[in-house]
Amino acid sequence: MAKLGATSFQSELQVRLGNDKRIRTADLTRWRRGGYHYVARIPRMTAFTRVWDISINPGTTTSTLPTDVRAIYSIQETRPNRHGVRLVPRGTIDRRTFSAGDVYDAARQGRTVYWGNSVSAGTRFRMTFQADPTLPSGTTTHAYDEEWDDVAMERATYLGLKDLSGEERASVHKALLDELVRERGYDSSRLDRICSIESIETGAKSLGFRIRTQ
């Protein structure tokens, strides 16, 4: 299907749900949001990947994240040295005695990054992260590539039917959704786990999220 603007998407969704008189505009927006976020939380989707360059003053031990950070993919020290910074549990950082120098690990809690050392002068980091999507309105289209519009629509249809008529009737659309996801090379049965913030930030890539092809 062609990529739809937000209003057109909801109109098409209403038709797919049989123009049920119980449906309110707020419901359509909620189901559309569910479809949009379903796609947006897939790791490494280009449309939702951001880079943040951080310059830190000497002695700094924490930094506040941008408001749209959902999950951190990676942190790299870019100055004075170039090396990766590993994400660890907050308790690992809290047990440490700080001294000025390179940072090799950090912890994330909420919107704060706790650096694993008291940084020295001229330290810079580059963070790559998954951004929370901003739900568009009106004629604005969703940020993902066109090939994902029907996936978001099928997810929204499934959510709507489940709310209106129960899981049994909605299950047909769940099967169609799973097939669309598989066609794009992903294992739909592991999607919820792999798309979680914890899985992304711990680098749990061994769970077979991507389907292997010859």
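Look up a bit, the structure's there.
So, here's what we can say about the structure.

Criteria and thresholds
Residues numbered from 1 in each chain as written. Predicted model: local features only at pLDDT ≥ 70, side-chain atom pairs only at ≥ 80, totals over all residues. Heavy atoms only, no water. Axes fitted to C-alpha atoms, helices over the stretch in contact; angles between N-to-C directions. Helix = DSSP H or I, 4+ residues; strand = E, 2+ residues; numbered from the N terminus. Parallel < 35°, antiparallel > 145°, perpendicular 65-115°, else oblique. Left-handed = near helix turned anticlockwise from the far one by under 90°. Contact = heavy atoms within 4.5 Å. Nonpolar A, V, L, I, M, F, W, Y, C, P; charged D, E, K, R; others polar. Salt bridge = Lys/Arg side-chain N within 4 Å of Asp/Glu carboxyl O. Core = buried A, V, L, I, M, F, W, Y, C linked by side-chain atoms within 4.5 Å. Buried < 20%, exposed > 50% of the residue type's maximum accessible area, 1.4 Å probe, protein only. Pairing = 2+ DSSP bridges.

### As for the packing of helix α1 (residues 6-16) against helix α4 (residues 149-165)
It is at 10 Å that the axes of α1 and α4 come closest, and there the two elements cross at 50 degrees. Taken together, the axes of α1 and α4 lie oblique to each other. As for the relative orientation of α1 and α4, their crossing is right-handed in sense. Contact residues: Phe9, Glu12, Leu13 and Arg16 in α1; Asp149, Ala152, Met153, Glu154, Ala156 and Thr157 in α4. Per-class residue counts for the contact of α1 with α4 are five nonpolar, one polar and four charged.

### Some points on the pattern of salt bridges
Using the criterion set out here, one finds 16 salt bridges in the structure. Among the ionic pairs, arginine 16 bridges to glutamate 154, the shortest N-O distance being 3.7 Å. Pair noted here: arginine 16 is in helix α1 and glutamate 154 is in helix α4, with a separation of 138 residues, a long-range link. A salt bridge links aspartate 150 to arginine 184, with the shortest nitrogen-to-oxygen separation between them at 3.1 Å. Placement of the pair is aspartate 150 in helix α4 and arginine 184 in the loop between α5 (167-183) and α6 (191-194), with a sequence separation of 34 residues.

### Comments concerning the packing of helix α2 (residues 25-40) against α4
Close contact between α2 and α4 brings their axes to 8 Å; oriented N to C, the two are set at 135 degrees. As judged from the angle between their axes, α2 and α4 are oblique. Once α2 is placed against α4, the crossing between them reads as right-handed. Mapping the contact onto sequence places Arg30, Trp31, Arg32, Gly34, Gly35, Tyr36, Tyr38 and Val39 in α2 and Val151, Ala152, Arg155, Ala156, Leu159, Gly160, Asp163 and Leu164 in α4.

### A closer look at the nonpolar core
Within the largest apolar cluster, 31 residues are counted, with the highest numbers of intra-cluster contacts made by Trp31, Val39, Tyr144, Trp148 and Val151. At eight residues, α4 tops the list of elements feeding residues into this core.

### Here's the deal with the environment of serine 55
Mapped onto the elements of the fold, serine 55 is located in strand β1 (residues 49-56). For the pair formed by serine 55 and leucine 4, sequence separation is 51 residues and the distance between their alpha carbons is 40 Å.

### Looking at the sheet that holds strand β7 (residues 112-115)
In a beta sheet, neighbouring strands pair by backbone hydrogen bonds and run either parallel or antiparallel. The strand order across the open sheet built from seven strands is β1-β9-β3-β4-β6-β7-β2, with neighbouring strands paired in mixed fashion. Since the sheet does not close on itself, it has two edges, and those belong to β1 and β2 (62-64), each with one partner. Within the sheet, the average angular offset between the axes of one strand and its neighbour, ignoring direction, is 30 degrees. Pairing of strand β3 (residues 69-79) with strand β4 (residues 83-87), which is carried by three bridges, proceeds in the antiparallel orientation. Bridge pairing links isoleucine 75 to valine 85 in β4.

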